[in-house]
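One-letter residues, chain by chain:
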Amino acid sequence: MTTVKELPVQDYFTSGHTACPGCGGAMVARIAMKVFGPNTVVYHPASCMLIFSSTYPNNAFKVPFLHVLFENSAVCAAGIKRALNRLGKSDVNVVAFAGDGGTADIGLQALSGAAERNEDIIYIMYDNEAYMNTGIQRSSSTPFGAWTTTTPVGSVHAGKVEFKKDVPRIMMAHDVPYVATASIAYPTDFIKKLEKAKAKKGFRYLQVLAPCPTGWKAESSKMVELARMAVETGIWTLMEYEDGKYTVNRTPKFSPVQDYLKAQGRFKHLTPEDIKKIQDWVKSKWEKDKALEQVYK
Amino acid sequence: MAAQALAAAAFREGNHALAFPFFGAERRGAPVLAFARVDSKKIRQRTQVYKPDYVVVLDDKLMGYVDVTAGLKEGGTLVVNSPLPPEKIVTERPVKCATVDATGVALEVLGVPVTNSAILGAFAKATGQIKLESVEKGIMDIFGARLGEKGGRKNADAARKAFEKTTAGMSVGGRKFKPVKKWLPDYKELPLSLGLRVTMTEAGRVGPGSFDVNKTGSWRTFAPVLDDAKCTNCLICWFYCPDGAVVRGEKHVSVNYDYCKGCGVCVEVCAPKALKWVRTEEVEEKLPSEAIA
Ligand SMILES: Cc1ncc(C[n+]2csc(CCOP(=O)(O)OP(=O)(O)O)c2C)c(N)n1
Ligand SMILES: [Mg+2]
């Protein structure tokens, strides 16, 4: 297994991109590209990552790159892969990097279609938990209670009313070869999952928590720490669904969810009842995770 | 927000005022441009301001590669956030110039290096076009709406403090700027492989992997400085740097200041605490000499 030190020195996602300082998405792209290497084609839907990595006429990805639309990442990537196969270049990794909005909302039908056909692509959702590129609107992947410009803090509602959509479980329902979640705060786990995704054939889905200093209203220097607290509180599960087997990769410490919430301005309005709701949600999520491990052994 | 607060201040003095940002992809910390247009009569012109009476520079590092006085009217005034006196400010031609260490003021009053309120105090002092009281009210209107009464008041205090500290004079001319080449080919002239590999054009490299022409080092307010002796070469900062601005070495890492945006992630993740956080002035000589925004 590759350690941090063994990763290639060479970057395939270069400096000079225009992501905000501390951008979790940029970390995901840079680390993932180190693992995928030069024999890769990248697809982006409309998203922060598209805008900060490719501003005409420059691009931060050192590999062939395509953007078509916001809603069809999985199917465009599948098309690229099929075309490469026809050209006899079946060894090329085709990777779609999409945001949570582009995945959990508008891109879901294309994603489901490609997964059902078991298209031979890697799909990475970098989850910054809102539509950041257009100025922080809620997505179905935005967590409960989070302020966004479309879930404002008012007298009737304060932040998002609904809980986060569980896309990994939707992907599991497609019974694809590989579904995993990761957090940048756990380098070896993250690298391992990227490598597994690279090595496998068929549809591979990876969802990585990508803290966003701007949208989460948090210190740019704290992004890795937040990604760690999300896991340690149990809010973000590190899981893997591999060839029909479900594994939780890390048992959280279950530190109080406040630790994670209070470090972010998007949660600053939460009442003790809201926080309790989130704590209860963590508990029921963990019970489901344990049950899933029993079902998919 | 500075342009908005200035417009609000001018409005409070009975003027007509417009404030609007430059349209483009905007990122935290990236160089941005905003305009305010003020008149005693109704304003019909809605375009960007191309020939301003006043230019306000919130980040003096920009002046190394943007000719901030390019459109400034004859006799116009330049207001710069800089700890240097006006006589030390080098522009393309000598212009009326006022300076204030707005970053210092902001750090002192607000605790964060956000200078868009403080600089308005300097604007009021330097131009005499608007009363400090109006500026404070304008700030309360705009910043107060976002940050609440207390936050608004603090920002108004920053403006007052900056007003007191502003010095006026003339800048010195003589800075030379290379004309920036733009590459805007017709679609028929686009090289076929544009999406596939780096291509050389008259404006430099374009295509995949060419973004390193963009030196993002100018974005920083704080910079990480490494104590070589303390670095254990664990490479965790190198792993996390979202800008690829940590460079691996034999014995220890180093920082590539051409690209470091100063997010501070490396400082936070450094277990042996070999990285220290300092204001950029202290690493000035390491700044990119020629950055493209
Ligand atoms: C069909 C369509 N609708 C809306 C947009 C505008 N748009 C561009 S990026 C974006 C938000 C993307 O959010 P997400 O996928 O979460 O990525 P992020 O920017 O947060 O990284 C939107 C709404 C678009 N480009 N196309
Ligand atoms: Mg998003």
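Residues numbered from 1 in each chain as written. Chains lettered and ligands numbered in written order. Predicted model: local features only at pLDDT ≥ 70, side-chain atom pairs only at ≥ 80, totals over all residues. Heavy atoms only, no water.

### Regarding the overall build of chain B
No. 1: Assigned secondary structure in chain B consists of six helices and 12 strands.
No. 2: The C-alpha radius of gyration of chain B comes to 21 Å, within 12% of the 19 Å expected for a compact globule of 293 residues.
No. 3: Seen through its principal axes, chain B has C-alpha atoms that stretch 65 × 55 × 35 Å.
No. 4: Of all 293 residues assigned to chain B, the portion counted as buried reaches 47%.
No. 5: Across chain B, the mean location of the 42 positive side-chain charges is 3 Å away from that of the 33 negative side-chain charges. (Helix = DSSP H or I, 4+ residues; strand = E, 2+ residues; numbered from the N terminus. Rg over C-alpha atoms; globule rule 2.2 N^0.38 Å. Buried < 20%, exposed > 50% of the residue type's maximum accessible area, 1.4 Å probe, protein only. Lys, Arg positive; Asp, Glu negative; His and termini not counted. Charge placed at Lys NZ, Arg CZ, Asp CG, Glu CD.)

### Some thoughts on the overall build of chain A
No. 1: Each helix and strand in chain A was counted, giving 10 helices and 10 strands.
No. 2: Against the compact-globule benchmark of 19 Å for 297 residues, chain A has a radius of gyration of 18 Å, which places it among compact chains.
No. 3: With the C-alpha coordinates of chain A rotated into their principal frame, the extents come out at 60 × 45 × 40 Å.
No. 4: Counting over 297 residues, chain A shows a buried share of 62%.
No. 5: Excluding contacts between residues fewer than 6 apart, the proportion of contacts in chain A whose partners are at least 24 apart in sequence is 69%.
No. 6: Element-wise, carbon and sulfur atoms account for 56% of the exposed surface of chain A, whose accessible area totals about 11,100 Å².
No. 7: Across chain A, the 37 positively charged side chains and the 29 negatively charged ones have centroids separated by 2 Å. (Contact = heavy atoms within 4.5 Å. Areas by Shrake-Rupley, 256 points an atom, 1.4 Å probe, with all protein chains shown as cover.)

### Remarks on the domain arrangement of chain B
No. 1: Structurally, chain B comprises domain 1 (2-170) and domain 2 (215-291).
No. 2: Spacing between the C-alpha centres of domain 1 of chain B and domain 2 of chain B amounts to 30 Å. (Domains from an automatic or database assignment.)

### Observations regarding the sheet that holds strand β8 (residues 204-208) of chain B
No. 1: What the four strands build is an open sheet, ordered β2(A)-β3(A)-β8(B)-β7(B); its pairing is mixed. Each edge of the open sheet carries a strand with a single partner, namely β2 (54-55) of chain A together with β7 (199-201) of chain B.
No. 2: Inspection of the sheet shows β7 of chain B paired to β8 of chain B by three bridges, in the antiparallel sense. Paired with Thr-201 of chain B across the strands is Gly-204 of chain B, a residue of β8 of chain B. (Pairing = 2+ DSSP bridges.)

### A look at the confidence of the model for chain B
Residue and element names in this part refer to chain B.
No. 1: Looking at chain B, pLDDT values average 88 and 92% of them are 70 or higher.
No. 2: Within chain B, no element has a lower average pLDDT than β7, which sits at 84, and none a higher one than helix α5 (residues 236-240), at 98.
No. 3: The low-confidence segment residues 287-293 (pLDDT under 50) makes 19 contacts with residues lying over four places distant or belonging to another chain.
No. 4: Scored by ipTM, the complex comes to 0.96, with pTM at 0.84. (pLDDT = per-residue confidence, 0-100.)

### Focus on the nonpolar core
No. 1: Counting 97 residues, the largest nonpolar core has Phe-36, Phe-61, Phe-97, Ile-124 and Tyr-260 of chain A as the members making the most contacts within it.
No. 2: Residues Ala-74, Leu-111, Phe-203 and Tyr-205 of chain A belong to the second largest nonpolar core, which totals 31 residues. (Core = buried A, V, L, I, M, F, W, Y, C linked by side-chain atoms within 4.5 Å.)

### Notes on the coordination of the magnesium ion (ligand 2)
No. 1: Surrounding the magnesium ion (ligand 2) are the protein donor atoms Asp-100 of chain A (OD), Asn-128 of chain A (OD1) and Ala-130 of chain A (O), at 2.0 Å.
No. 2: Residue class for Asp-100 of chain A comes out buried when judged on its relative accessible area of 0%. (Donors = N, O, S within 2.8 Å, 3.2 Å for Na, K, Ca; no water.)

### Remarks on the site of ligand 1
Residues and elements named next belong to chain A.
No. 1: As a matter of local geometry, ligand 1 sits amid 17 residues, with Cys-48, Gly-102, Tyr-126, Ala-130 and Met-132 nearest to it.
No. 2: Between an oxygen atom of ligand 1 and a side-chain N or O atom of Asp-100, the distance comes to 3.0 Å.
No. 3: Gly-101 is positioned with one of its backbone polar atoms (N or O) 2.8 Å from an oxygen atom of ligand 1.
No. 4: Coverage of ligand 1 by the protein amounts to 74% of the 580 Å² it exposes when considered alone.
No. 5: Broken down by class, the residue content of the shell around ligand 1 amounts to eight nonpolar, seven polar and two charged. (Near = heavy atom within 4 Å. Polar contact = N/O pair within 3.5 Å; in protein donor to acceptor, adjacent residues only side chain to side chain. Nonpolar A, V, L, I, M, F, W, Y, C, P; charged D, E, K, R; others polar.)

### Some words on the environment of Val-282 of chain A
Residue and element names in this part refer to chain A.
No. 1: Its place among the elements puts Val-282 in helix α10 (residues 272-295).
No. 2: A relative accessible area of 1% places Val-282 in the buried class.
No. 3: Taking the C-alpha atoms as reference points, Val-282 and Ile-235, separated by 47 residues in sequence, lie 5.9 Å from one another.
No. 4: With near-sequence residues (within four places) excluded, Val-282 lies in contact with Thr-233, Gly-234, Ile-235, Phe-254 and Val-257.

### Examining the pairing of strand β4 (residues 77-81) of chain B
No. 1: Where burial is concerned, most of β4 of chain B is hidden: five out of the five residues are buried.
No. 2: Here β4 of chain B shows no split at all, with Thr-77, Val-79 and Asn-81 of chain B on one side and Leu-78 and Val-80 of chain B on the other all buried.

### Focus on the packing of helix α3 (residues 118-127) of chain B against helix α4 (residues 132-165) of chain B
Residue and element names in this part refer to chain B.
No. 1: Packing of α3 against α4 leaves a shortest axis separation of 6 Å and a crossing angle of 40°. By the angle between their directions, the pair α3 and α4 is classed as oblique. Seen from above, α3 lies across α4 with right-handed handedness. For the pair α3 and α4, the contacting residues are Ala-118, Leu-120, Gly-121, Ala-122, Ala-124 and Lys-125 in the first and Leu-132, Val-135, Ile-139, Ala-158, Ala-159, Ala-162, Phe-163 and Glu-164 in the second.
No. 2: Its residues assigned to classes, the contact of α3 with α4 shows 11 nonpolar, one polar and two charged. (Axes fitted to C-alpha atoms, helices over the stretch in contact; angles between N-to-C directions. Parallel < 35°, antiparallel > 145°, perpendicular 65-115°, else oblique. Left-handed = near helix turned anticlockwise from the far one by under 90°.)

### Digging into the interface of chain A and chain B
No. 1: Counting from both sides, the interface comprises 51 residues of chain A and, opposite them, 40 residues of chain B.
No. 2: Interface of chain A and chain B: buried area, both sides summed, is about 3,600 Å²; carbon and sulfur atoms make up 60% of it.
No. 3: Connecting chain A to chain B are one salt bridge.
No. 4: Here Lys-222 of chain A and Glu-268 of chain B are joined by a salt bridge, their closest N and O atoms 3.2 Å apart.
No. 5: For the side of chain A that touches chain B, the secondary-structure elements that each account for two or more residues are α1 (24-36), α2 (48-53), β2, β3 (58-59) and α7 (187-199) of chain A.
No. 6: Of the residues forming the side of chain A that touches chain B, the biggest block, five residues, is contributed by α1 of chain A.
No. 7: Taken together, the residues of the side of chain A that touches chain B sort by class into 30 nonpolar, 15 polar and six charged.
No. 8: As judged from the two bridges shared by β3 of chain A and β8 of chain B, these two strands associate in the parallel manner. Opposite Asn-59 of chain A, over in β8 of chain B, you have Pro-208 of chain B as the bridge partner. (Buried area = accessible area lost by both parts, 1.4 Å probe. Salt bridge = Lys/Arg side-chain N within 4 Å of Asp/Glu carboxyl O.)

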